[in-house]
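# Structure assessment
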Protein chains: 2
Amino acid sequence: MQTKIVLTEDEMPRQWYNIAADLPSPLQPPLGPDGNPITPEMLAPVFPMNIIEQEVSTERWIDIPEEVLAILSKWRPSPLHRAHALEKALGTPAKIFYKNESVSPAGSHKPNTAVPQAWYNKQFGIKRITTETGAGQWGSALAFACALLGLECKVFMVRISFDQKPFRKLMMATWGATCVASPSSETNAGRQILAQHPDTPGSLGIAISEAIEAAVTDPTGSTRYSLGSVLNHVMLHQTIIGLEAKKQLAKVGIKQPDVVIGCAGGGSNFAGLAFPFVNDKIHGAEIEVIPVEPTSCPTMTRGPFVYDHGDTAKMTPLLPMHSLGHDFIPPPIHAGGLRYHGMAPLVSQAIIEGLLTPRAIDQLECYESGALFARTEGIIPAPETNHAIAAAIQEAKKAKEEGKEKVILFNFSGHGLMDLVGYDNYFQGKLTNYALPESEMGNAIRELDALPKPKVVRTGKW
Amino acid sequence: MQTKIVLTEDEMPRQWYNIAADLPSPLQPPLGPDGNPITPEMLAPVFPMNIIEQEVSTERWIDIPEEVLAILSKWRPSPLHRAHALEKALGTPAKIFYKNESVSPAGSHKPNTAVPQAWYNKQFGIKRITTETGAGQWGSALAFACALLGLECKVFMVRISFDQKPFRKLMMATWGATCVASPSSETNAGRQILAQHPDTPGSLGIAISEAIEAAVTDPTGSTRYSLGSVLNHVMLHQTIIGLEAKKQLAKVGIKQPDVVIGCAGGGSNFAGLAFPFVNDKIHGAEIEVIPVEPTSCPTMTRGPFVYDHGDTAKMTPLLPMHSLGHDFIPPPIHAGGLRYHGMAPLVSQAIIEGLLTPRAIDQLECYESGALFARTEGIIPAPETNHAIAAAIQEAKKAKEEGKEKVILFNFSGHGLMDLVGYDNYFQGKLTNYALPESEMGNAIRELDALPKPKVVRTGKW
């Protein structure tokens, strides 16, 4: 009974898949504060031009550089597992497969984009990369990539996480990165906020502002900023997940899955697994593709498709996306990576085109599903990943009711070894669900009324 | 440039290698308190008979049950990596390879024996397994194995670790095991100690006593005890590591390594990698085989080969081993897994036979080596594993001085994601070396004078 389907290094994909080439409607550009499209040149102080070119590219296939492949091959191709034990526990006729991205040294899918981002920066002559991080998942992945490529890495970490969750900060330090609590006294943005609110817990919005400022104000011009999700080039780099999964399913004689599932915060692990299958769907395949979010932060299921800022402080351009409003503050659920007000423009547009069927699931059902997974399949999942597992279990139960031998594929985006406190709270009965009141959501979204609206031409029939 | 050498599931070893068949002198039996050999029947209340049979077996090859292989294949065969980046940083002509045991769901080599131990117990009709754990590495591995095999698992965890290191306890809970602080009020041994010392931090010795008592006093007779290192059957189960490594080296055209290295606390990860190569050495191959220990707990390099108890409370039989004395209390270094007064009898005897060249390394050199490894190879090592890395780096530097293209192989026994506080202390300059004063060591060892002495017949020429 084979439980693990592997690929050799020779079978690793040599190109990333760019869904921008295949979406029925063209992706709409980011806008500046004046409502006019942002040009690549305007982004040049923030990102290196080779990454900006990827961000705006509509080429279907983009070569993965050899050196990037060599580093990724330290843990890739990642295994695809058949969840026999979980299937048995559920008594389902469905075949459940999961792509195991927890095998990376940082414990998640994040290094899939951290490594190429660091590599392109290095190629462009950049010496130092800045970024922000919430709980530290992305900051630690970028620290890892910079260590391997010999770049300096500076991470602005939201103060409350910096103080309360020391472990990912220690991972960054072990990989040689500098991590400071945000707001810090190192930037104008940070100093201003500290002057007004010396005891602020910080926010991702403030940390983004500091990281961008630290990049664009370096007098040597050799610093750039890096983002771990949301943007097009990040989705691109993650497609190696789905491209591998397709080859692995083919090895066990499966032409295509019936259902593809990923949790979605900014959207990158979901897109990474799903987009190669969405391509098949655009070209006629019958596949249900489900991005899963928490009911407490229902960006895709209840947020409108609008132009909105990526950060609270409105430092970023306006992006066409599903959003709960840039000042929306999600309830304190344990899946920190899914507490984001927006959604990647590429994922958002695929939703509008009818290619995806988003789903929101409550926190308690997610932990229940994650605990069942840990006790059957043996790997302790990250709280974010539990959302994908919960949806897979829902689908497996549905297949049982329908008596169908469906093939369900989900992304096991990361392990939960740094997130055990959430499980402890769950087992002790301390966790609750957070259904978002209409009033709170409305307040956040009404703010968006003044912003330009993205146009969508629905051409697909799915 | 290939950095990772993998095997398919079909290439997994189907048998474990038992070095007891090949050691020049026969292994001497454990002794009871009266100085007479322990019989298998005397161990029957503690271990299931199928494991006792393995413990005393001198068969060279022992079949791995199919169901055990199926579970191990969730993460095995583990990858063998060529450490190109570390070699480059050291400027060494040596080729450094490491076997990556950190890819298991528990993060170390421990599940290699936890899974078969749980399986043999289940085959024997046992419903519940007890064990002790210090920092929690072994307890979490056994909890993992019991979850997958549907057995109950009860872990007695040394109180000071239970209070100060909550994360592995939470791993055990997530896998459904029951973990209590030791001494507990659940056993006579625990209650007695609590009555005398209500504030005791506990010890591994006390926890062993409680776990054994909890197993042997179960009125239903369906509980047994399990140990994660030291014993012969544990070394046996770990040999899958070295057997895989041999096949992997052969795939890149290497007939045998020049140097084989592993850190050694109880001895199991070292033995697991090394014993298949020691077999080659017994049959004429020129290989230097190095078990590495901390200078603060120099069992192999300064402790005599004696009959001693495995635990402080003298609950276990007398085992023929290198020991610093069963009441020796090692300094509080961060590599908790290497703070053990004794050494596996099979490893101890191989030392006496001249097959191994043990080495002790200071804590600071180990952390320096581990940090260099993390920043070049990208994986954060466990503090225990840093000892193997430090020795590999010493050997690589020696190869550079000698201008030799040596092949160095070491066991990357586990990742350090649950041990980041040690790195933090190291980077902050808070750690020191602990050279053990002769006087302290002597006191512990003089206690042993009253015990019987094991006999050794040296027949090998290495």
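Above this text is the structure in question.
Keep in mind that this is a model prediction, so the values were computed, not measured.

Scanning chain A from N- to C-terminus turns up 19 helices and 15 strands. In terms of overall size, chain A behaves like a compact globule, its C-alpha atoms giving a radius of gyration of 21 Å where 462 residues would be expected to give roughly 23 Å. When the backbone C-alpha atoms are referred to their principal axes, chain A occupies close to 60 × 50 × 45 Å. Taking all 462 residues of chain A together, the buried fraction comes to 65%.

Another aspect to go through is the relation of the copies chain A and chain B. One copy of the chain maps onto the second through a rotation about an axis and a displacement along it. Superposing chain A onto chain B takes a rotation of 180° combined with a translation of 0.0 Å along the rotation axis, leaving an RMSD of 0.0 Å. Accordingly, the operation relating the two chain copies is best matched by a two-fold axis. Closest approach to the rotation axis within chain A is made by the C-alpha atom of V103(A), at a distance of 3.3 Å. Both copies contact each other with a shared surface, as 100% of the interface residues of chain A are interface residues in chain B too.

Here the focus is the sheet that holds strand β5 (residues 95–100) of chain B. Residue and element names in this part refer to chain B. Taken together, 7 strands build an open sheet; the order of strands is β1-β4-β5-β15-β10-β11-β14 and the sheet is mixed. In this open sheet, the two edge strands, each paired with only one partner strand, are β1 (4–5) and β14 (359–361). Lying over the sheet, helix α13 (residues 268–282) contacts β5, β10 (259–263), β11 (288–294) and β15 (407–412), oriented at roughly 155° with respect to β10.

Let us look at the interface of chain A and chain B. Chain A puts 37 residues into the contact, and the matching count from chain B is 37 residues. Carbon and sulfur atoms supply 61% of the area buried between chain A and chain B, which totals about 3,400 Å² over both sides. In this assembly, chain A and chain B are joined by 2 salt bridges. With a closest N to O distance of 3.2 Å, E377(A) and K74(B) form a salt bridge. At the boundary of chain A with chain B, the tally comes to 16 residue pairs in polar contact (both at pLDDT 80 or more).

What follows is about the packing of aromatic side chains. Enumeration over the complete set of coordinates arrives at 29 aromatic pairs over all chains. On the numbers, 5.7 Å between centres and 65° between planes, the contact of W75(B) with F144(B) is edge-to-face. With W75(B) in the loop between α3 (66–72) and β4 (80–82) and F144(B) in helix α6 (residues 137–149), this residue pair connects regions lying 69 residues apart in the sequence. Comparing W75(B) with F144(B) shows no difference in burial state: the two are buried. A connected cluster of aromatic rings, assembled from ring pairs, spans Y98(A), F373(A), F410(A) and F412(A). Cation over ring: K169(A) sits above F162(A), and NZ or CZ is 4.0 Å from the ring centre. Stacked on the ring of F277(B), the Lys or Arg K246(B) has its end atom at 5.7 Å from the ring centre.

The next subject is the environment of Q137(A). Residues and elements named next belong to chain A. Along the chain, the position of Q137 falls in helix α6 (residues 137–149). On a C-alpha basis, the gap between Q137 and G414 in space is 9.6 Å, while along the polypeptide they are 277 residues apart. In contact with Q137, not counting residues within four places along its chain, are A106, S108, K110 and R168.

All names here are of chain B. Direction vectors running N to C along helix α2 (residues 49–56) and helix α5 (residues 111–123) enclose 130°, while the axes themselves pass 8 Å from each other. Taken together, the axes of α2 and α5 are oblique relative to one another. Here N50, I51 and Q54 of α2 lie close against α5, whose contacting residues are Q117, Y120, N121 and Q123. Of the residues contributing to the contact of α2 with α5, the split by class is 2 nonpolar, 5 polar and no charged.

For the structure shown, the criterion picks out 32 salt bridges over all chains. One salt bridge in this structure joins R159(A) and D163(A), with 3.8 Å as the shortest N-O distance. Of this pair, R159(A) and D163(A) are both found in helix α7 (residues 159–164), 4 residues apart, which corresponds to roughly one turn of the helix. Owing to a relative accessible area of 30%, R159(A) belongs among the partly exposed residues under this scheme. The class for D163(A) is partly exposed, based on a relative accessible area of 47%. K246(B) is the salt-bridge partner of D280(B), the closest N and O atoms lying 2.7 Å from each other. A residue pair is termed long-range when its members are at least 10 positions apart, and D280(B) in helix α13 and K246(B) in helix α12 (residues 240–251) qualify at 34 residues. Accessibility expressed as a relative area gives 27% for K246(B), which makes it partly exposed.

Scoring rules and cut-offs
- Residues numbered from 1 in each chain as written.
- Chains lettered and ligands numbered in written order.
- Predicted model: local features only at pLDDT ≥ 70, side-chain atom pairs only at ≥ 80, totals over all residues.
- Heavy atoms only, no water.
- Helix = DSSP H or I, 4+ residues; strand = E, 2+ residues; numbered from the N terminus.
- Rg over C-alpha atoms; globule rule 2.2 N^0.38 Å.
- Buried < 20%, exposed > 50% of the residue type's maximum accessible area, 1.4 Å probe, protein only.
- Least-squares fit on C-alpha atoms with pLDDT ≥ 70 in both.
- Contact = heavy atoms within 4.5 Å.
- Pairing = 2+ DSSP bridges.
- Axes fitted to C-alpha atoms, helices over the stretch in contact; angles between N-to-C directions.
- Buried area = accessible area lost by both parts, 1.4 Å probe.
- Salt bridge = Lys/Arg side-chain N within 4 Å of Asp/Glu carboxyl O.
- Polar contact = N/O pair within 3.5 Å; in protein donor to acceptor, adjacent residues only side chain to side chain.
- Phe/Tyr/Trp six-rings, centres within 6.5 Å; stacked < 30°, edge-to-face > 60°.
- Lys NZ or Arg CZ within 6 Å of the ring centre and 35° of its normal.
- Parallel < 35°, antiparallel > 145°, perpendicular 65-115°, else oblique.
- Nonpolar A, V, L, I, M, F, W, Y, C, P; charged D, E, K, R; others polar.

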